[in-house]
Amino acid sequence: MLHNAGVYANSSVKLDVWATAYNAYGYCHIKGFDDAVRFTTKCGEDESTFARYVGGTKWVQKDSGSKNRCYGLIETVTCTDN
């Protein structure tokens, strides 16, 4: 299980990762694993920038909105080798 999931997306600042199955897979992939089997989430703040996986080893920055709500981010990821 990997904790504090974060990546560098076009910057020198480590960004939290949006909570989606594809982003969890991408996180495992860049760490040398084949797939993600589960992940837990935490809340991100509005008016922040987070990372979204776009394939290979690439991540892009994506801004949250400003709706004063919880933005789902990956907190831990359980990866596996198939």
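Located above this text is the structure these notes cover.
Worth saying up front: this structure is predicted, and the values here are computed from it rather than measured.

Parameters and conventions
Residues numbered from 1 in each chain as written. Predicted model: local features only at pLDDT ≥ 70, side-chain atom pairs only at ≥ 80, totals over all residues. Heavy atoms only, no water. Salt bridge = Lys/Arg side-chain N within 4 Å of Asp/Glu carboxyl O. Helix = DSSP H or I, 4+ residues; strand = E, 2+ residues; numbered from the N terminus. Pairing = 2+ DSSP bridges. Buried < 20%, exposed > 50% of the residue type's maximum accessible area, 1.4 Å probe, protein only. Contact = heavy atoms within 4.5 Å. Disulfide = S-S within 2.5 Å.

Engineer: How should the pattern of salt bridges be read in this particular structure?
Structural biologist: Should their charged atoms come close, side chains of opposite charge can pair. In total, this model carries 1 salt bridge according to the counting rule given. Put simply, K42 and D16 hold a salt bridge, and the shortest N to O gap is 3.3 Å. With K42 in strand β4 (residues 35–44) and D16 in strand β3 (residues 14–16), this residue pair connects regions lying 26 residues apart in the sequence.

Engineer: Quick question: what am I supposed to make of the sheet that holds strand β7 (residues 71–80) here?
Structural biologist: The strands making up a sheet are joined through hydrogen bonds of the backbone, oriented either antiparallel or parallel. Ordered in space as β1-β7-β4, the 3 strands form an open sheet in which the pairing is antiparallel. Whereas interior strands pair on both sides, the edge strands pair on one side only; in this sheet they are β1 (2–3) and β4. With 2 bridges connecting them, β1 and β7 associate as antiparallel partners. Bridge pairing in β7 places L2 opposite V77.

Engineer: Can you help me understand helix α1 (residues 21–30) in this one?
Structural biologist: By the burial criterion, the buried members of α1 are N23, A24, G26, Y27 and C28. In the core, the buried residues of α1 are packed alongside β1, β2 (6–8), β4, β5 (49–55), β6 (58–63) and β7. Note on α1: the residue one or two positions beyond its end, G32, has a positive phi of about 95 degrees.

Engineer: Sorry, what's going on with unusual backbone geometry here?
Structural biologist: Among all residues except glycine, the phi angle is most often negative; among peptide bonds, the trans geometry is most common. The backbone phi angle of E47 is positive, close to 55 degrees, even though this residue is not glycine. Counting through the fold element by element, E47 comes out in the loop between β4 and β5. Take E47: its relative accessible area is 63%, and that puts it in the exposed class.

Engineer: Could you clarify how one ought to interpret the state of the cysteines in this entry?
Structural biologist: Every disulfide links exactly two cysteines, by a covalent bond between their sulfur atoms. Applying the stated criterion across every chain yields a total of 2 disulfides. A sulfur-sulfur separation of 2.0 Å characterises the disulfide bridge that pairs C28 with C79. For the disulfide bridge between C28 and C79, the dihedral angle about the S-S bond is near -80 degrees, and by the sign convention the bridge is left-handed. Separated by 51 residues along the polypeptide, C28 in helix α1 and C79 in strand β7 bring together distant segments of the chain. For the pair C28 and C79, a shared accessibility class is recorded, and that class is buried. Note on cysteine connectivity: C43 is disulfide-linked to C70, with sulfurs 2.0 Å apart. What sets the handedness of the C43 and C70 disulfide is the S-S torsion sign, and at about -100 degrees it is left-handed. A residue pair is termed long-range when its members are at least 10 positions apart, and C43 in strand β4 and C70 in the loop between β6 and β7 qualify at 27 residues. Residue classification places C70 among the partly exposed residues on the basis of a relative accessible area of 37%.

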